[in-house]
There are 2 protein chains.
Amino acid sequence: MQNTHHRIQPYIHRTPVLTCQTLDQMAGASLFFKCENFQKMGAFKMRGAANAILQLSDEAQQRGVATHSSGNFAQAIALTAQMLGIPAFIVMPSNSPEVKKAAVRGYGGEIIECEPTLAAREATLAQVVERTGATFIHPFNDDNVIMGQGTAALELLQEVENLDMVISPVGGGGLLAGTALAVSHFSPKTKVWAGEPAGADDAWQSKQAGHIIPQTNPQTIADGLRTSLGDKTWPIIRDHVERIVLVEETEIFDALRLLMERMKIVVEPSGAVALAAVLKEKIALKGKRVGIILSGGNVDLKALAGFFG
Amino acid sequence: MQNTHHRIQPYIHRTPVLTCQTLDQMAGASLFFKCENFQKMGAFKMRGAANAILQLSDEAQQRGVATHSSGNFAQAIALTAQMLGIPAFIVMPSNSPEVKKAAVRGYGGEIIECEPTLAAREATLAQVVERTGATFIHPFNDDNVIMGQGTAALELLQEVENLDMVISPVGGGGLLAGTALAVSHFSPKTKVWAGEPAGADDAWQSKQAGHIIPQTNPQTIADGLRTSLGDKTWPIIRDHVERIVLVEETEIFDALRLLMERMKIVVEPSGAVALAAVLKEKIALKGKRVGIILSGGNVDLKALAGFFG
């Protein structure tokens, strides 16, 4: 993973690790926040996207890259491609918010719209790849993407010693699996936990069952965490993640409010889930040194206003 | 001012200086944001409050300190007093928001309520000082407070070389006067500007007239900037501040939104005024290196929601 980190360094920010006395007091623990909300394009996804694209041959890079995403991964692919001067083709549902389309276009990505169904998305992506010769990069179920996402935890471990635990949110599992690989390799005594919305609890269900249980009908404000685990992220999570803590929507809002009011930082709801999990489990974490990965900061202020108003 | 800085260091954070590529592109200049929103209790006021209290004799400190403020200065006095283990008496109008009273109480300050008039505030404060022997510390019209506030600019100048300009917001003028003293002493070639709401333009009016013109009926969301200059802040501003840039309320909101959406930081409306001024004057500032003092980050999310919703 150190090779991965070295490879992507020119394309990412080394994000700061922040602390907050007030939150430490509330949690009864020492919290170290890895602020991927300050990452380029606003989320950790930049790390995995950059790593996957940089692993392609020059020839493949020139033909371009493609993905399907309406969120941060689309922006990460578009921005990395722009930095490399290669084309990026992004398949997005036609009902994606205009602000998300504008963000992808702002980074030079070419948007190909499709009907908002899984079948249409996959068919459209296949056509794009066929037509352009671009390489498809999956948003999370990809070894190179997972390794890239793990570099956030790697940096955290380089900066903060003797962590008892690192916690990240879990959606498709790219960030969590990468974090688990980094921690188990570089700090094997440190435990890995995850925070997951109770309204999108497929990772928790999967851990209970011992096999992947796909997410159906997710209900959560944390839009980055609505996806199911993949067959590449699941085995890593099964083997290296000690616990998945479920949090309610009100707990996510409360954590988001604390991050804004006390730490003065803007974090997306998915990013607040890990802090919500820490506050929920404060008895178990009393006196511990806990690393928290704040996954990103791309928020829709208009949507947030609805909760704080 | 280096003595001042040395004196208050155990009581303050050295706040980070952040940069943002997107905002640099929008401004056509290199912007360096001194993030006093990350200061203890959430604003630069901590610097001046700490300096003023630390200049008192031990005996005077033991009798305690008093001020009138419904905002950040009240919290700064209360927190410094708490750190020193001495009493703090805060005179607040009876109609102050509960959240502000709770913040002062949270730092151990004793609140004495008064009618929401200037006369009642001064009478109540005089009674408190008479009764307790506490020393009154003015929120801005005080040499020690001004020197303390200037240490934010001092740290900025230590960290960023060759600034063409430093800009701060102006209300009572403590931050601006302190900034002007720091810059004129440590970096005399660097110009000092201020941003001021057009709806509370007493500093601009005073500069035009050449003498203090008090603020009447201020109309701005930037609640920290509604006060008039004082006789100690005015002469420094008159002599060392090159320009005061007036900004409209919509320009303040736009700047606030950029700080949240692009830099992922929470800043109070008063803090966004300096960035609003820079964006308004981007032709004059093209290619320049500009230091921006973000004064604080204590916001009422509920009030903000009204603007972003």
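As the structure is a computational prediction, the values presented were derived from the model and not from experiment.

Student: So what exactly am I meant to see when it comes to the overall build of chain A here?
Tutor: Looking only at helices and strands, one finds 15 helices and ten strands in chain A. In terms of C-alpha radius of gyration, chain A reaches 18 Å, essentially the compact-globule figure of 19 Å for 309 residues. Expressed as lengths along the three principal axes of its C-alpha atoms, the size of chain A is roughly 55 × 45 × 40 Å. Looking at chain A as a whole, 56% of its 309 residues qualify as buried.

Student: What am I meant to see in the relation of the copies chain A and chain B here?
Tutor: Two copies of the chain are present, and they differ by a rotation about an axis and a shift along that axis. Each copy superposes on the other: chain A lies on chain B with an RMSD of 0.0 Å after a rotation of 180 degrees and an axial shift of 0.0 Å. The relationship between the two copies is best expressed as a two-fold rotation axis. A shared interface surface links the copies, since 100% of the contact residues of chain A are contact residues in chain B too.

Student: Can you walk me through the interface of chain A and chain B in this structure?
Tutor: The accessible area lost on association of the parts is a frequent measure of interface size. Contacts between chain A and chain B engage 16 residues on the former and 16 residues on the latter. Going through the elements one at a time, α13 (249-261) and α15 (301-308) of chain A are the ones with two or more residues in the side of chain A that touches chain B. Looking at which element gives the most residues to the side of chain A that touches chain B, the answer is α15(A), with five residues.

Student: Hey, could you run me through the domain arrangement of chain A in this one?
Tutor: All names here are of chain A. We note that the domain assignment places domain 1 (2-43 + 143-308) and domain 2 (46-136) within chain A. Each of domain 1 and domain 2 was reduced to a C-alpha centroid, and the two centroids are 25 Å apart. With 24 residues of domain 1 at the interface, the matching set in domain 2 holds 16 residues. Elements with a contribution of two residues or more to the side of domain 1 that touches domain 2: α1 (2-8), α8 (143-149) and α9 (151-159). Sort the elements by how many residues they give to the side of domain 1 that touches domain 2 and α8 lands first, with six residues. When grouped by side-chain class, the residues that make up the side of domain 1 that touches domain 2 number nine nonpolar, eleven polar and four charged.

Student: Explain the sheet that holds strand β4 (residues 88-93) of chain B here, please?
Tutor: Across a sheet, paired strands are connected by hydrogen bonds in the backbone, their directions being either parallel or antiparallel. Residue and element names in this part refer to chain B. Here we have four strands laid out as an open sheet, ordered β5-β4-β3-β6, and parallel in their pairing. Of all the strands in the sheet, just β5 (110-114) and β6 (135-136) have a single pairing partner and so form its edges. On the sheet, helix α5 (residues 72-84) packs against β3 (65-68) and β4 and is oriented at approximately 165 degrees with respect to β4.

Student: Looking at this structure, how should I read the nonpolar core?
Tutor: The nonpolar side chains of a soluble globular protein tend to be buried, and buried together. Counting 210 residues, the largest nonpolar core has I77(A), V278(A), I77(B) and V278(B) as its most contacted members. Aside from chain neighbours lying at most four places away, what touches V278(A) is A27(A), L31(A), I167(A), L285(A), V290(A) and I292(A).

Student: Just to check I follow, could you spell out the environment of V267(B) for this structure?
Tutor: Residues and elements named next belong to chain B. Position of V267 relative to the elements: it lies in the loop between α13 (249-261) and α14 (269-280). We classify V267 as buried; it has 28 C-beta atoms within 10 Å. Remark: the alpha-carbon pair of V267 and A255, spanning twelve residues in sequence, is separated by 9.8 Å. Sequence-distant contacts of V267, defined by excluding residues within four places in its chain, comprise N37, L256, L259, A272, L294 and G297.

Student: I'm lost on the pairing of strand β9 (residues 243-247) of chain B in this one. Help?
Tutor: A regular strand carries its side chains on alternate faces of the sheet. Residues and elements named next belong to chain B. Burial analysis of β9 places four of its five residues in the buried class, the great majority of the element. For strand β8 (residues 191-197) and β9, the ladder comprises five bridges, and the chain directions are parallel. Along β9, the bridge assignment pairs P197 with V247.

Student: I would appreciate a short explanation of helix α11 (residues 202-209) of chain A in the present structure.
Tutor: For an α-helix the count is 3.6 residues per turn, leaving residues at separations of three or four pointing the same way. All names here are of chain A. Taken as a whole, α11 has its buried residues at D202, A203, S206 and K207. Taken around the axis of α11, the buried residues stretch over an arc of 135 degrees, which confines them to a single face. Of the exposed residues in α11, those oriented more than 90 degrees away from the buried face are Q208 and A209. On the buried face of α11, the contacting elements are β8 (191-197), α12 (233-240) and β9 (243-247). Phi for G210, located one or two positions after α11, is positive at around 85 degrees.

Student: Just checking my understanding: could you explain the sheet that holds strand β1 (residues 17-18) of chain B for this structure?
Tutor: All names here are of chain B. Sheet architecture is open: six strands sit in the order β1-β2-β10-β7-β8-β9, paired in mixed fashion. Pairing within the sheet leaves two strands with one partner each, and these edge strands are β1 and β9. Its contacts with the sheet put helix α11 (residues 202-209) on β8 and β9, and the angle it makes with β9 is roughly 140 degrees.

Student: Is there a simple way to think about the packing of α15(A) against helix α15 (residues 301-308) of chain B in this case?
Tutor: Between two packed helices, both the angle of their axes relative to each other and the distance between the axes serve to describe the pair. One can describe the packing of α15(A) onto α15(B) by two numbers: an axis separation of 8 Å at closest approach and a directional angle of 135 degrees. In terms of orientation, α15(A) and α15(B) fall into the oblique class. Handedness of the α15(A)/α15(B) crossing: left-handed. The segment α15(A) lies against α15(B), with L301(A), K302(A), A305(A) and F308(A) engaging L301(B), K302(B), A305(B) and F308(B). Broken down by class, the residue content of the contact of α15(A) with α15(B) amounts to six nonpolar, no polar and two charged.

Here is what the cut-offs are and how they apply
Residues numbered from 1 in each chain as written. Chains lettered and ligands numbered in written order. Predicted model: local features only at pLDDT ≥ 70, side-chain atom pairs only at ≥ 80, totals over all residues. Helix = DSSP H or I, 4+ residues; strand = E, 2+ residues; numbered from the N terminus. Rg over C-alpha atoms; globule rule 2.2 N^0.38 Å. Buried ≥ 20, exposed ≤ 12 C-beta atoms within 10 Å, placed from the backbone. Least-squares fit on C-alpha atoms with pLDDT ≥ 70 in both. Contact = placed C-beta atoms within 7 Å. Domains from an automatic or database assignment. Nonpolar A, V, L, I, M, F, W, Y, C, P; charged D, E, K, R; others polar. Pairing = 2+ DSSP bridges. Axes fitted to C-alpha atoms, helices over the stretch in contact; angles between N-to-C directions. Core = buried A, V, L, I, M, F, W, Y, C linked by C-beta atoms within 7 Å. Arc of directions from axis to C-beta. Parallel < 35°, antiparallel > 145°, perpendicular 65-115°, else oblique. Left-handed = near helix turned anticlockwise from the far one by under 90°.

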